[in-house]
Number of protein chains: 2
Amino acid sequence: MISSPSPLPVAIEPERDRHLVAAVEEAGGVVVPLEQARALVWIGEPAEFPVLGEQIEWVALKTAGIEAFRAAGVIDDRRIWTNASGFYAAGCAEHALALLLAGLRQIGTSVVLGWNDDVIPPAVRTLRGATVTIVGAGGIGRELTPRLSACGAWVVAVNRSGTPVDGAVRTVTPDLLDDVLAETDHVVFAAPATADTRHLIDDRTLALLKPHSWVVNVARGSLIDQAALGRALTEGRIAGAALDVTDPEPPPHDDPLWSLPNLIVTPHIANPAPGLTREMAPWLAENVRRFAAGEQLISVVDPAREY
Amino acid sequence: MISSPSPLPVAIEPERDRHLVAAVEEAGGVVVPLEQARALVWIGEPAEFPVLGEQIEWVALKTAGIEAFRAAGVIDDRRIWTNASGFYAAGCAEHALALLLAGLRQIGTSVVLGWNDDVIPPAVRTLRGATVTIVGAGGIGRELTPRLSACGAWVVAVNRSGTPVDGAVRTVTPDLLDDVLAETDHVVFAAPATADTRHLIDDRTLALLKPHSWVVNVARGSLIDQAALGRALTEGRIAGAALDVTDPEPPPHDDPLWSLPNLIVTPHIANPAPGLTREMAPWLAENVRRFAAGEQLISVVDPAREY
């Protein structure tokens, strides 16, 4: 007779969220204080991150972008770190689709201008037959591609490895970014914030886009040079931009961006904090099961990269 | 040797739109003055509709809803009439998806309130796992269902015939509308304007919906009792409404609807007039080909119904 394995001891800090407690227990783990744990689920801020004992083998963070945790110096190479990219992707993809459609279908303009028969109807565009480039096509790109395809769009994916994205008509590596931007109708940014992705959209790359192009960002504000974007929007060199992330967040109240009718800004809500742990729960359960079984975890942070 | 058939003579009035001329010619027809034509493509208003000679066997109208043409008394039973439902469906479906996502993802509220961390994040909802009922699921429903499914929603279709809609988890006839409204998360109206569909949404049916429900209308304003909708929105009995059509259009400037942050109104742009004939062209070419070949046309108006 084989004895059943002892349950994996997991700490959930700084508070024991009920969705996550249920997930850990569902996966055969047990929730314990930090000093008794082999794994830590941290749902607090970087500044409050605790000093970890050597017995902590795995830390699960609740954000997809972890640059704030890196900046706070909490990420080390003495254990496994996972981020939230494994369960953020679907929400980000849905929000990206919502933003792109809100732009193309003139929903932001309609909210600002009211019933307007002169400006709005000629500006309406459709996803049918449009080419949409996803820059940083990893998990979000895999979720976004079938949504865009169902709307009749052609997807071009850009990612670091060039690994083909199912459903995309073409997947290319970042060295071909200029070429695909020059051919695309619209572009969605879903790349992590790294030195390589800073200001991917600037005066030069904006000049590659078209007067009917919409730019969507659900990743990090640093990917876009906002001053350059504001100039392109003001001068009508592109049709519009729809941003869930800005640099800084929130933008200053007197930022001239706010007055542009062809700019849509949502307050970083692709995966809003209320409901976050409910979204995180099934992912955590799967990773607890994998950790206990000695299997590879989902969304492991690569210490050799910036994400 | 078989002589080639003489080309079908088609009038395009009141002006010879270049997209439609090209479509007629591509399909083997020839564009002629009205008195020489066997078919009329009418892209003008009902009030300007010409007196037709008996030689006109088919009239193609450019709108999906033809109640204005009926009211003007121009539709008779001496020839075939087609409406635009055959090529409006995809645009309406895309706009319906855009409106529903704009509601769920709080895009309208974000445009109105700016960056707001208190009100907006808790109100964000997702299509993933949500049930969406399409009322009047014909052509638009067939286009909308795969778009919603790609976003992870469950579709319930309601149509007069009960003909199952591919991809819907359930298709029911209108006598079961109350039952499905009581079970749904959100509802999209895509039904024609008839006596049966007037004020489908009123105080009674609004009471069947949920505090997180969004109501979308891309059909006709008359389907909704706007005063009842305004009360439900003001009192928070439903989450919001997103309307591309109102009753009347446009709504009066002093309509209290305009001040509701959880109401999104777009100015009847699911298929905006600019670009309309470009959308109509491939459909017209197909119907010209069918007419010349003696085949059944697409989108024939049924004189026994109101649409």
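Residues numbered from 1 in each chain as written. Chains lettered and ligands numbered in written order. Predicted model: local features only at pLDDT ≥ 70, side-chain atom pairs only at ≥ 80, totals over all residues. Heavy atoms only, no water.

Named according to an unreviewed UniProt entry, chain A is Hydroxyacid dehydrogenase originating from Gordonia iterans.

**A short note on the overall build of chain A**
Let me state the cut-off plainly: Each helix corresponds to a stretch of at least 4 residues labelled H or I by DSSP, and each strand to a stretch of at least 2 residues labelled E; elements are numbered beginning at the N terminus. Throughout, radius of gyration means the C-alpha value; the globule benchmark is 2.2 Å times the number of residues raised to the power 0.38. Between buried and exposed lies partly exposed: a residue is buried under 20% and exposed over 50% of the maximum accessible area for its type, with that area taken using a 1.4 Å probe on protein chains only. Only the protein chains shown count as cover for residues, and the accessible areas themselves come from Shrake-Rupley with a 1.4 Å probe. Under the convention used here, Asp and Glu are negative, Lys and Arg are positive, and both His and the chain ends fall outside the count. To locate a charge, take NZ of a lysine, CZ of an arginine, CG of an aspartate or CD of a glutamate.
From N to C terminus, chain A includes 10 helices and 12 strands. For 307 residues, the compact-globule estimate of 2.2 N^0.38 gives 19 Å, and the C-alpha radius of gyration of chain A, at 21 Å, lies within 12% of that figure. Referenced to the eigenvectors of the C-alpha coordinate spread, the extents of chain A come out at roughly 75 × 40 × 35 Å. Here chain A, with 307 residues, has 55% of them falling under the buried criterion. Summed over all atoms, the accessible surface of chain A reaches about 12,900 Å², with 53% contributed by carbon and sulfur. Both charge centroids of chain A, one from 24 positive and one from 38 negative side chains, sit 4 Å from each other.

**Details of the relation of the copies chain A and chain B**
What counts is decided by this rule: For the least-squares superposition of copies, only C-alpha atoms count, and only for residues with pLDDT at least 70 in both. The contact criterion used is simple: two residues touch if any of their non-hydrogen atoms lie within 4.5 Å.
Overlaying chain A on chain B yields an RMSD of 0.1 Å, the required transformation being a rotation through 180° with an accompanying axial translation of 0.0 Å. Interpreted geometrically, this transformation is the action of a two-fold axis. By residue overlap, the copies meet face to face through one surface: 100% of the interface positions of chain A are interface positions in chain B.

**Here's the deal with the side chain of A:Thr194**
Stated formally: N or O atoms closer than or at 3.5 Å make up a polar contact, with two conditions inside protein: a donor-capable atom paired with an acceptor-capable one, and, for residues adjacent in sequence, both atoms drawn from side chains.
Position of A:Thr194 among the secondary structure elements: in the loop between β9 (186-189) and α8 (203-206). There is a polar contact of 3.1 Å between the side chain of A:Thr194 and the backbone nitrogen of A:Asp196.

**What to know about helix α6 (residues 139-150) of chain A**
Here α6(A) has its buried residues at A:Ile140, A:Gly141, A:Leu144, A:Thr145, A:Arg147 and A:Leu148. Just past α6(A), the residue A:Gly152 takes up positive phi, approximately 85°.

**Description of the interface of chain A and chain B**
To keep it simple, the criterion reads: Two parts placed together each lose some accessible area; with a 1.4 Å probe, that loss summed over both constitutes the buried area. Salt bridges, as used here, are contacts in which a Lys or Arg side-chain nitrogen is within 4 Å of a carboxyl oxygen on Asp or Glu. Amino acids are sorted into nonpolar (Ala, Val, Leu, Ile, Met, Phe, Trp, Tyr, Cys and Pro), charged (Asp, Glu, Lys and Arg) and polar (every other residue, Gly among them).
On the side of chain B, 49 residues touch chain A, which itself brings 49 residues to the contact. Roughly 3,700 Å² is buried in total at the junction of chain A and chain B, and carbon and sulfur atoms are behind 71% of that figure. In terms of surface lost to chain B, no three residues of chain A exceed A:Glu94, A:Arg105 and A:Trp115, which account for 22% of the buried area on that side. In this assembly, chain A and chain B are joined by 4 salt bridges. The salt bridge involving A:Glu94 is made with B:Arg105; its shortest N-O contact spans 3.1 Å. Breaking the side of chain A that touches chain B down by element, the ones donating at least two residues are α3 (85-104), α4 (107-113), α5 (120-123), α6 and β12 (263-265) of chain A. For the side of chain A that touches chain B, the per-class residue count stands at 28 nonpolar, 12 polar and 9 charged.

**Description of the sheet that holds β12(A)**
Residue and element names in this part refer to chain A. So the rule is basically this: Following DSSP output, two strands are said to pair if at least two bridges run between them. Helix axes are fitted only over the stretch in contact, all axes being lines through C-alpha atoms; the angle between N-to-C directions runs from 0 to 180 degrees.
The parallel open sheet is built from 7 strands, whose spatial order is β8-β7-β6-β9-β10-β11-β12. Each end of this open sheet is capped by a strand with a single partner; those strands are β8 (170-172) and β12. Looking at each pair of strands side by side, their axes are set apart by 15° on average, direction ignored. Relative to strand β7 (residues 154-158), strand β6 (residues 131-135) is paired through 5 bridges, and the arrangement is parallel. Bridged to Thr131 within β7 is Trp154.

**So, a nonpolar patch on the surface**
Defined as follows: A residue counts toward a patch only above 30% relative accessible area and without a salt bridge, and it is joined to like-charged neighbours within 9 Å or, for Val, Leu, Ile, Met, Phe, Trp and Tyr, to nonpolar neighbours within 5 Å.
Taken together, the side chains of A:Val112, A:Leu113 and A:Val119 make up a nonpolar region of the molecular surface, amounting to roughly 250 Å² of accessible area. Tracing the backbone through its elements, the reader meets A:Val119 in the loop between α4 and α5.

**What to know about the pairing of strand β10 (residues 214-217) of chain B**
Residues and elements named next belong to chain B. Alternating residues of β10 divide into Trp214 and Val216 and Val215 and Asn217, and every residue in both groups is buried. Two strands pair when backbone bridges link them, and β10 and strand β11 (residues 240-243) are joined in this way by 4 bridges, in the parallel orientation. Residue pairing in the sheet places Val215 in a bridge with Ala241 of β11.

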